[in-house]
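Here's the letter readout for the chains.
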Amino acid sequence: SIVFMTIIYTAVSLFAHGGIIIGIVLLVMQVAGTSGNFPIEVNPEIYQVIFPYLPFTYAISGMRQVLMGIVYSVLLKDLAILGGMMIGSIVIGVTCKKFTNKWIDKFTEKLKESKFLIG
């Protein structure tokens, strides 16, 4: 959950309201595409392609290790990948923040002028 929170926090920090949308889309894709409900082989091909890039894939695999008997090599690999995803998210957030702030400020100003959002 910490890794997913970090990814979502980074997306919201970089893209404001767009980051919230990215988070929702990412969450829906992960629920369907990480073999949590069905084996990945029976899911549509698009989910099979993105399967190794989703954090829930490794979180679910790690939980299976803890619940069904630990194979340390698999658990450590899952933890390393999740840690890498979290660190990658933080690095992207720190390096891209100044660039996206300028872009998002212009976008937010136009959005306020449109009176599409109230508040």
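Predicted model only: the values in this text are computed from it and were never measured. (Residues numbered from 1 in each chain as written. Predicted model: local features only at pLDDT ≥ 70, side-chain atom pairs only at ≥ 80, totals over all residues. Heavy atoms only, no water.)

## Remarks on the overall build of the protein chain
Okay, step 1: When its secondary structure is counted, the protein chain shows five helices and zero strands.
Okay, step 2: Secondary structure elements in the protein chain, listed N-terminal to C-terminal, are α-α-α-α-α.
Okay, step 3: Taking 119 residues into account, the globule formula puts the C-alpha radius of gyration at 14 Å, and the protein chain, at 17 Å, lies well above it.
Okay, step 4: For the protein chain, the spread of C-alpha atoms along the principal axes amounts to about 55 × 30 × 25 Å.
Okay, step 5: The buried share of the protein chain, reckoned over its 119 residues, is 28%.
Okay, step 6: Counting contacts in the protein chain only where the partners sit at least 6 residues apart, residues at least 24 apart contribute 49% of the total.
Okay, step 7: With an accessible surface of roughly 8,500 Å², the protein chain has 74% of that area assigned to carbon and sulfur atoms.
Okay, step 8: Separation between the mean location of the 9 positive side-chain charges and that of the 6 negative ones in the protein chain comes to 10 Å. (Helix = DSSP H or I, 4+ residues; strand = E, 2+ residues; numbered from the N terminus. Rg over C-alpha atoms; globule rule 2.2 N^0.38 Å. Buried < 20%, exposed > 50% of the residue type's maximum accessible area, 1.4 Å probe, protein only. Contact = heavy atoms within 4.5 Å. Areas by Shrake-Rupley, 256 points an atom, 1.4 Å probe, with all protein chains shown as cover. Lys, Arg positive; Asp, Glu negative; His and termini not counted. Charge placed at Lys NZ, Arg CZ, Asp CG, Glu CD.)

## What to know about the packing of helix α4 (residues 55-68) against helix α5 (residues 72-114)
Okay, step 1: Packing of α4 against α5 brings their axes to within 9 Å, and their N-to-C directions diverge by 150°. Compared by their axis directions, α4 and α5 come out roughly antiparallel. When you trace α4 past α5, the crossing you get is left-handed. The segment α4 lies against α5, with P55, Y58, A59, S61, G62 and Q65 engaging V74, L75, D78, I81, L82 and M85.
Okay, step 2: Grouping the amino acids of the contact of α4 with α5 by side-chain chemistry returns eight nonpolar, three polar and one charged. (Axes fitted to C-alpha atoms, helices over the stretch in contact; angles between N-to-C directions. Parallel < 35°, antiparallel > 145°, perpendicular 65-115°, else oblique. Left-handed = near helix turned anticlockwise from the far one by under 90°. Nonpolar A, V, L, I, M, F, W, Y, C, P; charged D, E, K, R; others polar.)

## Comments concerning the environment of F4
Okay, step 1: Tracing the backbone through its elements, the reader meets F4 in helix α1 (residues 2-15).
Okay, step 2: Among the residues examined, F4 registers a relative accessible area of 15% and is labelled buried.

## Examining unusual backbone geometry
Note: most residues except glycine have negative phi, and most peptide bonds are trans.
Okay, step 1: In this structure, A16 is a non-glycine residue whose phi angle is positive, near 55°.
Okay, step 2: Along the chain, the position of A16 falls in the loop between α1 and α2 (17-33).
Okay, step 3: Judged by its relative accessible area of 27%, A16 is partly exposed.

## Thoughts on the packing of aromatic side chains
Okay, step 1: For the structure shown, the criterion picks out two aromatic pairs.
Okay, step 2: Ring geometry for W103 and F107: centres 6.3 Å apart, planes at 15°, overall stacked. Within this pair, W103 and its partner F107 are both found in helix α5, separated by four residues, close to a single helical turn. (Phe/Tyr/Trp six-rings, centres within 6.5 Å; stacked < 30°, edge-to-face > 60°.)

## A look at the confidence of the model for the protein chain
Okay, step 1: Here the protein chain shows a mean pLDDT of 88. Residues at 70 or above account for 97%.
Okay, step 2: Per-element averaging of pLDDT across the protein chain places α2 at the bottom with 87 and α1 at the top with 93. (pLDDT = per-residue confidence, 0-100.)

## A word on the side chain of Q30
Okay, step 1: Relative to the elements of secondary structure, Q30 occurs in helix α2.
Okay, step 2: Setting aside chain neighbours within four positions, we find Q30 in contact with F4, L54, P55 and F56.

## Re the nonpolar core
Okay, step 1: Within the largest apolar cluster, nine residues are counted, these being V3, F4, I7, L26, I50, L54, Y58, L82 and M85.
Okay, step 2: Among the secondary structure elements, those contributing two or more residues to this core are α1 and α5.
Okay, step 3: Each residue touching I7, except ones within four places of it in the same chain, is listed here: L26, P55 and S89. (Core = buried A, V, L, I, M, F, W, Y, C linked by side-chain atoms within 4.5 Å.)

## Overview of α2
Okay, step 1: Compared with an ideal rise of 1.5 Å per residue, which puts 17 residues at 24 Å, α2 spans 24 Å between its outermost C-alpha atoms and is within 8% of the ideal.
Okay, step 2: Contacts made by the buried residues of α2 are with α1, α3 (45-50) and α4.
Okay, step 3: A positive phi of about 60° marks S35, the residue just after α2. (Expected span 1.5 Å × (residues − 1).)

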